[in-house]
Amino acid sequence: MRVYQIKFNSVEGVKKFINIVGKYGYEIELERDGHKVDAKSIMGVLSLGFERPLNLIASTENAISLQKEIQGYLL
């Protein structure tokens, strides 16, 4: 499992993020204050809001490709 802290700046950024994580076959979740959602679900992601940082939890040991693709969202 890999955990990263990310932040969105706009709804457009959320849409691009969804397209990126949707390519990966393993489970990816976003979490804030104990609430977890599927990171591949635009409705789930938007329900967490994007005014504060989120924890991204990738259920894999090898997330190098994912990390490179989401570089612009990482804190």
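On a predicted model such as this, the values are computed, not experimentally measured, just so you know.

A. A look at the sheet that holds strand E3 (residues 35-38). The sheet built from four strands is open, its strands ordered E1-E4-E2-E3 with antiparallel pairing. Edge strands, defined here as strands with exactly one partner in the open sheet, are strand E1 (2-6) and E3. Each adjacent strand pair in this sheet contributes to an overall mean axis angle of 25 degrees, direction not counted. Where strand E2 (residues 28-32) lies against strand E4 (residues 54-58), four bridges are found, and the strand directions are antiparallel. For Glu29, the partnering residue across the bridge sits in E4 and is Ile57.

B. Region of the structure containing helix H1 (residues 11-21). Looking only at H1, the buried set comprises Gly13, Val14, Phe17, Ile18, Ile20 and Val21. The buried side chains of H1 occupy one side of the element, clustering within an arc of 160 degrees when seen end-on. Structurally, H1 contributes buried residues whose contacts are with E1, E2, helix H2 (42-48), E4 and helix H3 (64-69).

C. How the structure looks around a nonpolar patch on the surface. Together, Val11, Ile42, Met43 and Leu46 make up an exposed nonpolar region whose accessible area comes to about 340 Å². Broken down by element, the residue count for the nonpolar patch peaks at three residues, all from H2. Checked against the element boundaries, Ile42 lands in helix H2. Given a relative accessible area of 32%, Ile42 falls into the partly exposed group.

D. Structural view of unusual backbone geometry. Positive phi outside glycine occurs at Asp33, with the angle close to 55 degrees. Along the chain, Asp33 falls in the loop between E2 and E3.

E. Structural context of the side chain of Arg32. Turning to its location among the elements, Arg32 is positioned in strand E2. What makes Arg32 buried here is its relative accessible area of 8%. Here Arg52 takes part through its backbone oxygen, which lies 2.5 Å from a polar atom of the side chain of Arg32. Apart from residues no more than four positions distant in its own chain, Arg32 is found in contact with Leu48, Gly49, Phe50, Glu51, Arg52, Pro53 and Leu54.

F. Expanded view of the pattern of salt bridges. For the coordinates displayed, the defined rule picks out three salt bridges. A salt bridge links Lys23 to Glu69; the nearest nitrogen and oxygen atoms lie 2.7 Å apart. Of this pair, Lys23 sits in the loop between H1 and E2 while Glu69 sits in helix H3; the two residues are 46 residues apart in sequence, bridging distant segments of the chain. Here Glu69 falls in the partly exposed class, since its relative accessible area comes to 32%. With its nearest N and O atoms 3.8 Å apart, the salt bridge here joins Arg32 to Glu51. Here the residue Arg32 occupies a position in strand E2, and Glu51 occupies one in the loop between H2 and E4, the gap between them amounting to 19 residues. For Glu51, a relative accessible area of 55% corresponds to the exposed category.

What counts, and at which threshold
- Residues numbered from 1 in each chain as written.
- Predicted model: local features only at pLDDT ≥ 70, side-chain atom pairs only at ≥ 80, totals over all residues.
- Heavy atoms only, no water.
- Pairing = 2+ DSSP bridges.
- Helix = DSSP H or I, 4+ residues; strand = E, 2+ residues; numbered from the N terminus.
- Axes fitted to C-alpha atoms, helices over the stretch in contact; angles between N-to-C directions.
- Buried < 20%, exposed > 50% of the residue type's maximum accessible area, 1.4 Å probe, protein only.
- Arc of directions from axis to C-beta.
- Contact = heavy atoms within 4.5 Å.
- Patch = residues over 30% accessible without salt bridge, like charges linked within 9 Å, V, L, I, M, F, W, Y side chains within 5 Å.
- Areas by Shrake-Rupley, 256 points an atom, 1.4 Å probe, with all protein chains shown as cover.
- Salt bridge = Lys/Arg side-chain N within 4 Å of Asp/Glu carboxyl O.
- Polar contact = N/O pair within 3.5 Å; in protein donor to acceptor, adjacent residues only side chain to side chain.

By themselves these figures say nothing about function.
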